[in-house]
Amino acid sequence: MKGEVFSMNTLLMSQNEIKELITMKDVVEACDKTFQGMGDGTVINPTKVNLDLGETASFPPYSGFMNAMPAYVGWSDTAGIKWAGGFLGERKKVGLPYITSLIMLIDPKMGNFTAVMDGAYITNLRTGAQTAVALKYLFPRKSLRLCLYGAGMQGHTQTMAISQLFDIEEVHVYDISKAAAERYASDMASYVKGKIHIANTPEEAADGDVVVCVTQSKDKFFKNEWFKPGMLLFPMGSYQECDNDCILNADKIIVDHIGQTLHRGALAELGTSGRITEKDIFATIGELAAGKKKASVANGEKILCIPIGTGAMDIGVASVVLDRAKKSQRGKTYAFV
């Protein structure tokens, strides 16, 4: 463009550099704005595309998956895509983290790639943040009791994010690894106002206002009889985690993205069979954030909330990282063209 200085250089950023530029508070704020944009139409988020590399398919036998997750985020005028997945199998054997991810950003006006950065750290933080933002619109009190299934990285970031907006009175945590639960209790002590109780069974942990399931379990371990009136249930793992009656008997179902939530995660089985359809979804988190619909457990309803994860959250957070990196001259540039 005549008279404008235009660079085709792309900023490359490592995970450690990203960690120095954003906090969980920043991520919660970015996710809140992005949900509002999803509700008012200024965020565009197509359904993610899944590549099964042996997560559930018999071939290839690599016990993993990758998702392509594009989005345009209006509040930062940024577009991009996250290429991300999770691997057990060989990756787990050599001690690498479950999540692997890169985020690529473009200038939506010119189409040039403005940044390529690690996506695993942003993924972990924004997955916790999206729960906290959903709670902001669904949970009426300033303090809550948390039931947590899964004491790994996601268990940590869920707790960190929720503590940004609520006082956590106590936590009942269950993990199939007692050592993981004990590490969680030690690591998260400063984020929880009261006591962290380590449960010996899944049923023992089902004592609180908000239930968050962030496990790799393929069992429908959370039972409908544990799902009490006035409780919020977040089944967020790759598989169902709660039994069919939890879903079918919920007073309201809230999701982040209708198209993809009906075909992956907690609703996949019932969605594929037609027992749960779009008409059974009360609202998206975006509609709540934009003020188009209202829901709350204040009246004793049982609410199921499923933020399965959208590329828009990652692109929104990554745009904050890119802006700060430019201002502080962080990262390295590379001319691909």
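Residues numbered from 1 in each chain as written. Predicted model: local features only at pLDDT ≥ 70, side-chain atom pairs only at ≥ 80, totals over all residues. Heavy atoms only, no water.

## Describing the nonpolar core
- Within the largest apolar cluster, 69 residues are counted, with the highest numbers of intra-cluster contacts made by Ile22, Met117 and Leu232.
- Those residues in contact with Met117 that sit more than four places away from it in its chain are Met13, Ile18, Leu102, Ile103, Leu105, Ile122, Ala318, Val321 and Leu322.
- Counting residues in hydrophobic clusters, the runner-up holds 28 residues, among them Ala206, Val211, Met231 and Ala266. (Core = buried A, V, L, I, M, F, W, Y, C linked by side-chain atoms within 4.5 Å. Buried < 20%, exposed > 50% of the residue type's maximum accessible area, 1.4 Å probe, protein only. Contact = heavy atoms within 4.5 Å.)

## Section: the pattern of salt bridges
- Applying the stated criterion across every chain, the model contains 20 salt bridges.
- When the shortest N-O distance is used, the salt bridge between Glu301 and Lys252 registers 2.8 Å. Taken together, the residues Glu301 in the loop between helix 11 (285-289) and strand 15 (303-306) and Lys252 in strand 13 (residues 252-255) connect sequence positions 49 residues apart. No difference in accessibility class separates Glu301 from Lys252, as the two residues are buried.
- With a closest N to O distance of 3.9 Å, Glu287 and Lys293 form a salt bridge.
- Judged by relative accessible area, which is 23%, Glu287 ranks as partly exposed.
- By relative accessible area, which is 32% here, Lys293 ends up partly exposed.
- Residues participating in the shared-partner salt-bridge network are Arg141, Arg145, Glu170, Asp207 and Asp209. (Salt bridge = Lys/Arg side-chain N within 4 Å of Asp/Glu carboxyl O. Helix = DSSP H or I, 4+ residues; strand = E, 2+ residues; numbered from the N terminus.)

## Points about helix 5 (residues 153-165)
- Among all positions in helix 5, only Gln154, Gly155, His156, Thr157, Gln158, Thr159, Met160, Ala161 and Ile162 are buried.
- Buried residues belonging to helix 5 abut helix 2 (24-40), helix 4 (120-138), strand 8 (143-149), strand 9 (167-174), helix 6 (178-187) and strand 11 (210-213).

## Describing the environment of Gly74
- Note that Gly74 resides in the loop between strand 4 (64-73) and strand 5 (78-87).
- Setting aside residues no more than four positions away along its own chain, Gly74 makes contact with Thr42 and Val43.

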